[in-house]
Amino acid sequence: MHHTNTGIFNKKVYIPYMSDAAYALSATFIRCGIDASVLDEPNESTLNYGLKFTNGNECMPCFVTTGDIIKVLEKPGFDAKKSAFFMPSSPGPCKFGQYNRLHEMVLNNMGYDEVEFLVPSASKSYTDFVGDKAFLFRKLAWQGCVSVDILEKALYRVRPYEINKGETVSVYKECLDLVTDAIKNGEDLYETIKVCAGKFENISRKDEERPIIGIVGEIFLRVNKFTNNFTIEKIESLGGEVSVVPTYKWITFTTYQYAMNAFKNKKIKDIFLSFLVNYYQKKDEINMFKPFGKLLRHHKETSIRRILSYAKKYINLPIGGEAILTVGESIDFAKKGYSGVISIHPFHCMPGAIVQTISKKFREDLNNFPWINLWFDGQESANLMLRLEAFMHQAKQWQETGYAVLEAA
Ligand code: SF4
């Protein structure tokens, strides 16, 4: 098993599917001259493979990606020498940083010693595997992720109100192709996003008021349809509109942390770099949201600084990213006038357990704002729909009276 990322230009890079942002990442690799492809979306067979080769106590995102990787290995014609898997890692208290270690052990046991894992280290700014294309790679991976997240926001904003069933999803898919093609061909993404905004605006919609439900929680399950048992579709079928914390928010959080560490350690070069990265990320975010100004409810994401300021009353900041963001984003959604929040967690998730423990307190402070913690282990749960129905009932009541009380308080 190799971690040295040499010779990657002669290999095919496989990217585990979390959300459609994986397609933008794959296009980014291709633009940088590296063959790449996205693994199939997780499904039932993923869980069977994953559970066969892990002990089932790992976090769910971990055994899901293990299952998807093994599915590819076992396909006829798979050439281990010419393949690599992309597996981001992350430092901190969370187990996420250990995923690639587990994958490595499982594959070793199966005899796939030659498969390479691409584990980008942010500290080396990706130069370790894309060489002199590192700047282009970073820029396009970021812009691609923001673009796909915005398309997803537009999908959730329009689909519940569409008059012709299925139209929004087909526009969304068309736009996803436009974005990935633009990345591969080196076209201007700002222009592509403008074209996409026009397509979404042309979808005819019903005029009705739905309660808006914020979706927060663990990053993988929050955005992955299969592992969260299609919670978003279920909420829409029960009369709601969702707003999901986008994937790219995690990237802005790591930029923020990088800046804070640079200040703490008084490293002038890092402080300067973090200013620069922050400047370009903000600029891209604002410019890419702009064409969707009429359609989307908000013109950018609430800043990390503000999210953390909401959360700090309830949770100690050094405790780690996921839990703080989940608490802060929930408070932000309540303040924005949404009608409820669903917090999505995998079984055995440590940040999820922290959120569950303190959620009672901050809900009380928010006048018992409708909120549920949902835990998923890959099994279709019979009572999920019942819980969601009860929750949507509360959310509709809040939409009518609750927010006004909170605002007046
Ligand atoms: S956030 Fe939870 S599920 Fe994700 S890696 Fe950490 S402990 Fe595991």
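In the block above lies the structure referred to throughout.
Reading the values: rules and limits
- Residues numbered from 1 in each chain as written.
- Predicted model: local features only at pLDDT ≥ 70, side-chain atom pairs only at ≥ 80, totals over all residues.
- Helix = DSSP H or I, 4+ residues; strand = E, 2+ residues; numbered from the N terminus.
- Expected span 1.5 Å × (residues − 1).
- Buried ≥ 20, exposed ≤ 12 C-beta atoms within 10 Å, placed from the backbone.
- Arc of directions from axis to C-beta.
- Contact = placed C-beta atoms within 7 Å.
- Pairing = 2+ DSSP bridges.
- Right-handed = clockwise from strand over helix to strand, strands pointing away.

Looking now at helix H11 (residues 248-264). Helix length check: H11, at 17 residues, gives a terminal C-alpha distance of 25 Å against a target of 24 Å (1.5 Å per residue), a fit within 8%. Residues of H11 that are buried: Tyr248, Thr252 and Thr255. Summarising the axial view, the buried residues of H11 lie within an arc of 55°, below the 170-degree limit, and thus occupy one face. Elements in contact with the buried residues of H11: helix H6 (134-158), helix H12 (268-289) and helix H13 (304-311). Following H11 by one or two positions, Lys266 has its phi on the positive side, about 50°.

Relative to the assigned elements, Ile304 resides in helix H13. Put simply, Ile304 and Thr192 are 112 residues apart on the chain and 27 Å apart in space, counted from C-alpha to C-alpha. With residues near it in sequence (within four places) discarded, Ile304 still touches Thr252, Phe253 and Tyr256.

The element strand E7 (residues 340-346) is largely enclosed, with a buried count of seven among its seven residues. Side-chain alternation along E7 places Gly340, Ile342, Ile344 and Pro346 on one buried face and Val341, Ser343 and His345 on a second face that is also buried. Pairing geometry for strand E5 (residues 212-217) and E7, over five bridges, is parallel. Within E7, the residue paired with Val216 across the bridge is Ser343. Relative to strand E8 (residues 371-376), E7 runs parallel, the two being bridged by six bridges. Note on E8: the bridge partner recorded for Val341 is Trp371. Viewed along the sheet, the connection from E7 through helix H15 (residues 350-365) into E8 turns out right-handed.

Geometric values such as these leave the question of function open.
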